[in-house]
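# A closer look at the structure
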Amino acid sequence: MSKIAGRLVQGRLIARGLIPCCQNSCLELRRLATIIFLAGFLSGSISQAFCFDAPVAFVGDFGCAPEGLPGWNSTPARRAAPAFGISGYMRSDSPEEWVLSAAGEWGNPHYRVAFLYGYYALDSLFRESGASIEASFSRWFLVAGLGFGGITQWVPGDAAWLRYRLKFGISAQVRGFTLASWWQGFTDEWREYPRAGVFWDASQSFRAYVATDMQAVFVGTSLRFAWGSIETSYSFPGFSLAFGISFAFSGYGIGAKYGTGGALGPWEGLWVSKSLKK
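Residues numbered from 1 in each chain as written. Predicted model: local features only at pLDDT ≥ 70, side-chain atom pairs only at ≥ 80, totals over all residues. Heavy atoms only, no water.

This part covers the overall build of the protein. In terms of helices and strands, the protein carries two helices and 15 strands. In the protein, which comprises 278 residues, the proportion classed as buried is 50%. The long-range share in the protein, meaning contacts at least 24 apart out of those at least 6 apart in sequence, stands at 45%. (Helix = DSSP H or I, 4+ residues; strand = E, 2+ residues; numbered from the N terminus. Buried < 20%, exposed > 50% of the residue type's maximum accessible area, 1.4 Å probe, protein only. Contact = heavy atoms within 4.5 Å.)

Quick look at the structure:
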């Protein structure tokens, strides 16, 4: 049973990107991602899906935007937007797969500290519980950040193991654009290539970004209104699409997201947050 479970877990981990693909395939994907990244940026066809890193993520953040509550794959070089939030995620076609997360951050224009916790379950085959902390520092138009965390993974009734996760990055803001680059990964399985993104804060009502992890391209948009926001998203190759809507009132935010396509299949997420700004 443990061998069968191990194979199933390995298959799921591959689908979630925790086990790297072979070098030749990754090289071709990186070349394709670079071409699509440039084409998407120049054409302006920008949507959203990058750092909604389900199934282990904070549901409410806008991709890898350079501010807001953290996700497992978001850049740690972020400007402070003090808040606290909780979120939940479940796959539509597999109610046995779900995650609960909590995140919070504090800071001012010069520094930021944040935490993220998540608990993931895949039926009776696999469990994952982890937490991370982050810190970032801002000076002039530059932001540098570092994050570290530990994740316990186990097969119920069988083996368990502890892994450590590290990420660091830097970002620069120029005329409404933020250019960001960051590395992340488990210390026993470090990524050779960084993630990179261009984020555009066009106005109080519109944000967009395009980013890549050198294996795929992620693009996104967010329309903000007095009552909340609407987000659309997609990523490719392995096309996936997501849609989110949120409502804001008296410093609180509540929202829902739905996505389909890619290795995850259809999923739903709910989140609630509270701004800590005075």
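A separate point is the side chain of T221. By secondary structure assignment, the location of T221 is in strand β11 (residues 217–224). At a separation of 3.0 Å, a polar atom in the side chain of T221 contacts the side chain of T232. (Polar contact = N/O pair within 3.5 Å; in protein donor to acceptor, adjacent residues only side chain to side chain.)

Any pair of aromatic rings gets described here by the distance separating the centres and the angle formed by the planes. Taken as a whole, this structure holds 18 aromatic pairs when the rule is applied. Taken together, a centroid distance of 5.6 Å and an interplanar angle of 35° make the contact between W227 and F247 tilted. Of this pair, W227 sits in the loop between β11 and β12 (228–236) while F247 is found in strand β13 (residues 240–249), placing the two residues 20 residues apart along the sequence. The exposure class assigned to W227 is partly exposed, which follows from its relative accessible area of 38%. (Phe/Tyr/Trp six-rings, centres within 6.5 Å; stacked < 30°, edge-to-face > 60°.)

As a further point, take the pairing of strand β9 (residues 195–201). Where strand β7 (residues 177–186) meets β9, six bridges bridge the pair, whose relative direction is antiparallel. Counterpart to W182 in the pairing with β9 is R195. Between β9 and strand β10 (residues 206–212), which pair antiparallel in sequence order, lie four residues. (Pairing = 2+ DSSP bridges.)

As for its placement among the helices and strands, S246 is situated in strand β13. The class of S246 is buried, set by a relative accessible area of 9%. Within the structure, the side chain of S246 is placed 2.7 Å from the side chain of S229, a separation counted as a polar contact. Look past the residues within four positions of S246 in its chain and what remains in contact with it is W227, G228, S229, I254, G255 and W271.

Mapped onto the elements of the fold, S94 is located in strand β2 (residues 94–107). With 28 residues separating them in the primary sequence, S94 and L122 have C-alpha atoms 8.9 Å apart.

Inspection of every chain in the model, using the stated rule, returns eight salt bridges. Among the ionic pairs, E105 bridges to R112, the shortest N-O distance being 3.1 Å. Residue R112 is classed as buried on the basis of its relative accessible area of 1%. Residues R224 and D201 are paired through a salt bridge, measuring 3.1 Å at the closest nitrogen-oxygen approach. (Salt bridge = Lys/Arg side-chain N within 4 Å of Asp/Glu carboxyl O.)

Our focus in this paragraph is the environment of Q153. When you line up the elements, Q153 lands in strand β5 (residues 142–154). A relative accessible area of 1% means that Q153 is categorised as buried. Linking Q153 and F126, residues 27 residues apart in sequence, is a C-alpha distance of 7.4 Å. Engagement of the side chain of Q153 in a polar contact is seen with the side chain of E128, the distance being 2.7 Å. A polar atom in the side chain of Q153 sits 2.6 Å from the side chain of W161.

The next point concerns unusual backbone geometry. With omega at -5°, the peptide bond leading from F236 into P237 counts as cis. Along the chain, P237 falls in the loop between β12 and β13. One non-glycine residue with positive phi stands out, namely R175, at about 50°. Residue class for R175 comes out exposed when judged on its relative accessible area of 81%. Positive phi is not limited to glycine here, since M214 has a value of about 70°. Here M214 is to be found in the loop between β10 and β11.

Interpreting fine coordinate detail is not advised for predicted regions of low pLDDT. Put simply, the protein has an average pLDDT of 77, and 75% of its residues get 70 or more. Confidence, expressed as mean pLDDT per element, reaches its minimum in the protein at helix α2 (residues 23–43) with 38 and its maximum at β5 with 95. (pLDDT = per-residue confidence, 0-100.)

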